[in-house]
Amino acid sequence: MITKEAPAAAPAPTPAVPEAPRPGRKRQAWDEVPRWQIYLPLGIYLVFTLIPFYWILLFALRPTGSTSLVPWPMTTEHFEKVWTDRGFGTYFTNSVYVGLATLVMTTLVALAGGYALARFDFRIKRGFMLALLCSQFVPGALLLVPLFEIFAELQMINSLGSVIIAETVFQLPLSIILISNFIKNVPYSLEEAAWVDGCGRFRAFRIVVLPLLRPGLIAVGSFAFVHSWNHFLFALMFLNNQSKQTIPVGLNSLMSADSVDLGALAAGGIVAAVPVVIVFAFIQKWLITGFSAGAVKG
């Protein structure tokens, strides 16, 4: 009887011995970047960013007719001119009113709409979200004619209320999307636990969910305030009386076809920029947290 021999077992592979580092040479990790490669691009970017601001300060603080590259001796004549003679005190008050009202209205409506999109299911939910996203591709200039006709019928032309409503409508799509995504990140079980304890839906939302939405609300509100503060078209089209104008329109009035008062224009630009810089300086932490959390897909 012929028997077939079993094939011999293959020898086990010898484990690879890691190569010992060469003496006198240190292996560098990918994340260990030399500092000059970080500071050099940041320094170049900082120079290109700060030069325009220095140029504005130079024109705003040096006397009229001076060609010095250093604002010395300093003068405040340009600020006094734009604040009193050019009516920037009134423009500033109107801009603050429009910005704060837009902030409040946008935040409240976006909070209600975002909660509905995050917690309820309905047939046209996907279509509604698609419409909100598509509305971001529509430039504000295309809304001027229909909005002007609507406000004319409502007799709201030359009223700050027309600008507030237009700014709120323009800010709502993005604000609703951000708030909706932020609410989705809040566990639904927290609301359910509050319902078990006897809270209604509104009270559970106010006690449990709303405190967790603070970064998102600050981000949405600050974005609405800054946009309404800097927006030019709506105030230009809907406001005819000079006493109702806002700061962007006031800056435009400093430029004429014949000449431009650079000192007054620079001083007006600083008046317009300082409130925005202060707002961002105080809410920078909440702003970054809010936008990053609102951008996460729920």
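Scoring rules and cut-offs
Residues numbered from 1 in each chain as written. Predicted model: local features only at pLDDT ≥ 70, side-chain atom pairs only at ≥ 80, totals over all residues. Heavy atoms only, no water. Helix = DSSP H or I, 4+ residues; strand = E, 2+ residues; numbered from the N terminus. Buried < 20%, exposed > 50% of the residue type's maximum accessible area, 1.4 Å probe, protein only. Areas by Shrake-Rupley, 256 points an atom, 1.4 Å probe, with all protein chains shown as cover. 1 Å grid on protein atoms, 1.4 Å probe; cavity = no way out; pocket = protein on both sides within 12 Å on 5 of 7 lines; lining within 4 Å. Points joined across faces, edges and corners; volume = space filled by probe spheres on them. Axes fitted to C-alpha atoms, helices over the stretch in contact; angles between N-to-C directions. Left-handed = near helix turned anticlockwise from the far one by under 90°. Nonpolar A, V, L, I, M, F, W, Y, C, P; charged D, E, K, R; others polar. Phe/Tyr/Trp six-rings, centres within 6.5 Å; stacked < 30°, edge-to-face > 60°. Contact = heavy atoms within 4.5 Å. pLDDT = per-residue confidence, 0-100. Salt bridge = Lys/Arg side-chain N within 4 Å of Asp/Glu carboxyl O. Expected span 1.5 Å × (residues − 1). Bend = angle between axes of the 7 residues up to and from the residue. Patch = residues over 30% accessible without salt bridge, like charges linked within 9 Å, V, L, I, M, F, W, Y side chains within 5 Å.

Caption draft 1: Looking closely at the overall build of the chain. Across its full length, the chain carries twelve helices and zero strands. Traced from its N-terminal end to its C-terminal end, the chain shows the element sequence α-α-α-α-α-α-α-α-α-α-α-α. Here the chain holds 298 residues, and the buried ones make up 34% of them. Approximately 19500 Å² of the chain is accessible, and the part contributed by carbon and sulfur atoms is 68%.

Caption draft 2: Molecular detail of the layout of surface pockets. Volume-wise, the largest pocket comes out at about 200 Å³. In terms of residues, the lining of the largest pocket owes the most to one element, helix 6 (residues 160-184), which gives five residues.

Caption draft 3: Broad picture of the packing of helix 3 (residues 88-119) against helix 6. Between helix 3 and helix 6, the shortest axis-to-axis distance is 6 Å and the interhelical angle comes to 35°. Considering the relative orientation of helix 3 and helix 6, their crossing is right-handed. A per-class count over the contact of helix 3 with helix 6 returns 17 nonpolar, nine polar and three charged.

Caption draft 4: Quick peek at the packing of aromatic side chains. Tallying each qualifying case throughout the model produces twelve aromatic pairs. Ring geometry for phenylalanine 148 versus phenylalanine 238: centroids 6.5 Å apart, planes at 25°, classification stacked. Separated by 90 residues along the polypeptide, phenylalanine 148 in helix 5 (residues 144-153) and phenylalanine 238 in helix 10 (residues 233-238) bring together distant segments of the chain. Of the residues examined, phenylalanine 148 reaches a relative accessible area of 31% and is grouped as partly exposed. The structure contains a cluster of three or more aromatic residues connected by ring pairs, namely Phe148, Phe151, Phe170, Phe234 and Phe238.

Caption draft 5: Geometry of the packing of helix 3 against helix 9 (residues 214-230). The interhelical angle for the contact between helix 3 and helix 9, taken along N-to-C directions, is 145°, at an axis separation of 8 Å. The element helix 3 and its partner helix 9 pack so that their crossing is right-handed. In contact with Phe92, Ser95, Val96, Val98, Gly99, Leu100, Thr102, Leu103, Thr106, Thr107 and Leu111 of helix 3, helix 9 contributes Leu217, Val220, Gly221, Ala224, Phe225, Ser228 and Trp229. Split by residue class, the contact of helix 3 with helix 9 holds eleven nonpolar, seven polar and no charged.

Caption draft 6: The confidence of the model for the chain, seen in detail. In the predicted model, the chain carries a mean pLDDT of 80, and the fraction of residues at 70 or more is 84%. Predicted confidence in the chain is weakest over helix 12 (residues 262-294), with a mean pLDDT of 75, and strongest over helix 3, with 90. Long-range and interchain partners of residues 294-298, a stretch whose pLDDT sits below 50, account for seven contacts in this model, where long-range means more than four residues apart.

Caption draft 7: The arrangement of the pattern of salt bridges in detail. In the structure shown here, the tally under the stated rule is two salt bridges. One salt bridge in this structure joins lysine 125 and aspartate 121, with 3.3 Å as the shortest N-O distance. Take aspartate 121: its relative accessible area is 72%, and that puts it in the exposed class.

Caption draft 8: How the structure looks around helix 6. Between its first and last C-alpha atoms helix 6 spans 35 Å; for 25 residues at 1.5 Å apiece the expected length is 36 Å, and the two agree. Approximately 45° is the largest bend angle found in helix 6, and it occurs at leucine 172, with the proline proline 173 only one to four residues beyond. Counting buried positions along helix 6 yields 19 of 25 residues, so the element is predominantly enclosed.

Caption draft 9: How the structure looks around a nonpolar patch on the surface. There is a patch of nonpolar side chains on the surface, built from Trp36, Leu40, Ile44, Val47, Phe48 and Ile51 and spanning about 680 Å² of accessible area. Tracing the backbone shows tryptophan 36 in helix 1 (residues 35-61). Since its relative accessible area comes to 56%, tryptophan 36 is described here as exposed.

Caption draft 10: Spatial organisation of unusual backbone geometry. Although it is not a glycine, glutamine 155 sits at a positive phi angle of roughly 55°. Locating glutamine 155 in the fold gives a position in the loop between helix 5 and helix 6. According to the relative accessible area criterion, glutamine 155 is exposed, its value standing at 73%. The backbone of asparagine 158 sits at a positive phi, close to 65°, despite the residue not being glycine. Tracing the backbone shows asparagine 158 in the loop between helix 5 and helix 6.

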